[in-house]
Amino acid sequence: MNSDAKDTRSSERTRPKDPTWLPSARARRAFLPDPQDQAQRLISSVTALWPSGSSLEVPLGTTATLALLPLADPASPELAHDVAALEPSDLMVVLRHTWAHLWLSQPYLVERAQLLWRWLADPPPQTAEAVTELTHHLFRGGILEFGTDPGRYLSTDLLGRLMQQLNSRGEKSRRGAFHTPDVVTDHMVEYLAGDLEPGTVIGEPAAGSGAIWRAQARLLHVTSRDPAVYRWIAAEVDPLAAAVLGANSLLFRLGPDVLIACADALAGDSGLAQAQRERDSAMARRDAVRNTPPD
């Protein structure tokens, strides 16, 4: 018998159907550390569990999906025990359905983030097992509560920091990914921000994973303004960082008017015309699905 298959069957036999190891949503909320510490603990869980040198898309995508699960289903923190009790194959279905649900409201951003979820189409059993274990650790760390509370998901760029940590184990020099500290971006935005009228364009020519956008959205939120009434336009040359930026745009609740070009704007290629075509096509595909009558 193949050793991977044997290990998978063994872990399936021993996985508890009633995950008593997971505190209730109320208990998880009561004992959460401050947002910065929580983010670091979540990042440490991922980097400790995920082997160095492997694909970054799977751990990043798993973390992004779980952080976005409350956006797809606000009841998900209360249902964490049910999700944690799922077999790996069933958990993969839940993760796929999360993105499918989000696609109905934000098709362009979901498609921009596709590097983070396309592996969910048919993951091998060993990957599904690893993702299930990672999900359990992230649940214990309060990932669902993090994705529910704007005081947390706007306090730090969790996905960007995670991408930096994963990159630092082997691909950082190739990708050129360096994360600006949150305190720096917060001060930059506070220093430069003025009275922004709804509909104002908030642009970023070298956006990375969205550190500046997070700081701007945080400032808008704490001053009782809705980030979703502004226009967000960015360019990022690295496809994985652009995918994370797409996921972060959902997580930060930036609204429907977001445009992300995967291009090197600093070299004179804005890529915005192509990004606009991609957004129009995504919206058209979504509208076609909505308008198709059921069988």
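Residues numbered from 1 in each chain as written. Predicted model: local features only at pLDDT ≥ 70, side-chain atom pairs only at ≥ 80, totals over all residues. Heavy atoms only, no water.

## Here we look at the sheet that holds strand 2 (residues 231-235)
Inference 1: Strand order in the open sheet made by the three strands is 1-2-3, with parallel pairing throughout. Edge positions in the sheet fall to strand 1 (201-204) and strand 3 (258-261), since each has one partner strand and no second. Averaged over all pairs of adjacent strands, the angle between their axes in this sheet comes to 10°, without regard to strand direction.
Inference 2: Strand direction decides the pairing type here: strand 2 and strand 3, joined by four bridges, are parallel. (Pairing = 2+ DSSP bridges. Helix = DSSP H or I, 4+ residues; strand = E, 2+ residues; numbered from the N terminus. Axes fitted to C-alpha atoms, helices over the stretch in contact; angles between N-to-C directions.)

## Points about unusual backbone geometry
Inference 1: The backbone of S224 shows a phi angle near 60°, a positive value even though the residue is not glycine.
Inference 2: Within the element layout of this structure, S224 appears in the loop between helix 14 (211-222) and strand 2.

## Considerations on the environment of V201
Inference 1: Mapped onto the elements, V201 comes out in strand 1.
Inference 2: For V201, a relative accessible area of 41% puts it in the partly exposed group.
Inference 3: In sequence terms V201 and I233 are 32 residues apart; their C-alpha atoms lie 6.9 Å from each other.
Inference 4: Beyond its immediate sequence surroundings of up to four residues, V201 is in contact with R231 and I233. (Buried < 20%, exposed > 50% of the residue type's maximum accessible area, 1.4 Å probe, protein only. Contact = heavy atoms within 4.5 Å.)

## So, the pattern of salt bridges
Inference 1: Per the counting criterion, the structure on display carries eight salt bridges.
Inference 2: Note that D149 and R152 form a salt bridge whose closest N and O atoms lie 3.8 Å from each other.
Inference 3: Taking relative accessible area as the criterion, D149 reaches 32% and is therefore assigned partly exposed.
Inference 4: Judged by relative accessible area, R152 falls into the buried class, the value being 11%.
Inference 5: Put simply, D287 and R286 hold a salt bridge, and the shortest N to O gap is 2.9 Å.
Inference 6: A relative accessible area of 32% places D287 in the partly exposed class.
Inference 7: Given the relative accessible area of 7%, R286 is considered buried.
Inference 8: A single network of salt bridges, built from pairs that share partners, joins R231, D257 and R279. (Salt bridge = Lys/Arg side-chain N within 4 Å of Asp/Glu carboxyl O.)

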